[in-house]
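# Residue-level structure breakdown
Next come the chains, spelled out residue by residue.
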Amino acid sequence: MASEPWGRIEHVAEGVWALVSNPLVDRTTLCNGGIVAGRTGVVVIEAFASEAGARWMLEQATRLTGRAPTHVVVTHYHSDHTGGLSGAMGDGERGLLATAVTRDLTLERNRGAPSEILRNAQEIDGGSPTEIDLGDRSVIVVPRRGHTGSDVTLEIPEQGVVFCGDLVWNNMFPNYVDAMPSRLTQAVRLIRLRGANTYVPGHGPLADDAALDAYIGLLDDVEAAARRALERGMGAEEAGREYRLPSGLEKWTLFNPGYFGRAIGAWMTELQSP
Ligand SMILES: [Zn+2]
């Protein structure tokens, strides 16, 4: 539907599109995201890494749906999902939706975060699902946690589409920088129970059930590596240097070679805490 150095837009279902970014090539958008169109509104999922990236996505949404987006939803506070907020909000009459935790963490931790936009955000309930009514269809925003202290998935049940944010990665090893590892594993297993046709991961190509199963296998393998490291009295960095991806996933890439040690270390911390 559109292809640029930073990513391509794929048609996922009627009125639903996903952006699959190429973060190792060009960081204009960096994370994946999406567009959901209904009779009375258009939702853009994520605000991306840069204002230029967010503006481009807004233009694509307008082009594909024939109307300017009415809502922008960010799945969590990380700057590759919120860095383009000013561009995403533009000058239109659209609302930003985020959980209170995501709003506050974006303000506290992301340098240059647009405070006025964030303070005016509509708060997504952190405890129970929120419906975004688009007239002839709804997007269900489900609060979860595990990748950060507050993540949301955006779900369109009748079309079997789940936008997973960074709870799910595909073909790329996940970032555990803020992860609560057991919560992450639990959240991903709950997402898998949706039995969706398409899972849009936070990073990497679109996933199906088999891809999600492989990802769950990887999360479990990281936990096992952390348990072995503890038994052997190894540090997380050393265990990370030794870590090898499970068979079948050898081609998964990394943003950074330190990600293995970071993931194992997150598990070690959790396993050792009382
Ligand atoms: Zn993230």
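Described in the following lines is the structure provided in the data block. Only a predicted model underlies this, so the values are computations on that prediction, with no experimental measurement involved.

With that settled, the discussion passes to the nonpolar core. One broad trend across soluble globular proteins is that nonpolar side chains are buried collectively. Grouped together as the largest cluster of nonpolar side chains are 41 residues, with contacts concentrated most on Phe173, Tyr176, Val222 and Tyr243. For this core, the secondary structure elements donating two or more residues are helix H6 (181-192), helix H7 (209-231) and helix H9 (259-272). Sort the elements by how many residues they give to this core and H7 lands first, with 10 residues. Ranked by size, the runner-up nonpolar core spans 28 residues in total, among them Trp17, Leu85, Ala88 and Met89.

Pairing is mixed across the open sheet formed by 5 strands, whose spatial order is E9-E10-E11-E12-E13. The sheet is open, and its two borders are formed by strand E9 (130-133) and strand E13 (198-200), each paired with just one other strand. Neighbour-to-neighbour, the strand axes of this sheet turn through a mean angle of 20 degrees, independent of strand direction. Strands strand E10 (138-144), strand E11 (151-156), strand E12 (161-163) and E13 of the sheet are contacted by H6, whose axis makes an angle of about 155 degrees with E10.

In this section: unusual backbone geometry. The phi dihedral of Glu46 falls on the positive side, at around 85 degrees, and the residue is not glycine. Tracing the sequence through the fold places Glu46 in the loop between strand E5 (42-45) and helix H1 (51-65). You will see that Asn171, though not glycine, has its phi angle at about 65 degrees, which is positive. Looking at the secondary structure, you find Asn171 in the loop between E12 and H6. Assessed through its relative accessible area of 38%, Asn171 is described here as partly exposed.

Attention shifts here to the pattern of salt bridges. By the definition in use, this model includes 13 salt bridges. One salt bridge connects Glu10 with Arg8, and the closest N-O pair in it is separated by 2.7 Å. For Glu10, a relative accessible area of 23% corresponds to the partly exposed category. Linking Arg144 and Glu155 is a salt bridge whose minimum nitrogen-to-oxygen distance equals 2.9 Å. One end of the pair, Arg144, is in strand E10; the other, Glu155, is in strand E11, with 11 residues separating them in the sequence. The two residues Arg144 and Glu155 agree in class, both being buried.

What counts as what
- Residues numbered from 1 in each chain as written.
- Predicted model: local features only at pLDDT ≥ 70, side-chain atom pairs only at ≥ 80, totals over all residues.
- Heavy atoms only, no water.
- Core = buried A, V, L, I, M, F, W, Y, C linked by side-chain atoms within 4.5 Å.
- Buried < 20%, exposed > 50% of the residue type's maximum accessible area, 1.4 Å probe, protein only.
- Helix = DSSP H or I, 4+ residues; strand = E, 2+ residues; numbered from the N terminus.
- Pairing = 2+ DSSP bridges.
- Axes fitted to C-alpha atoms, helices over the stretch in contact; angles between N-to-C directions.
- Contact = heavy atoms within 4.5 Å.
- Salt bridge = Lys/Arg side-chain N within 4 Å of Asp/Glu carboxyl O.

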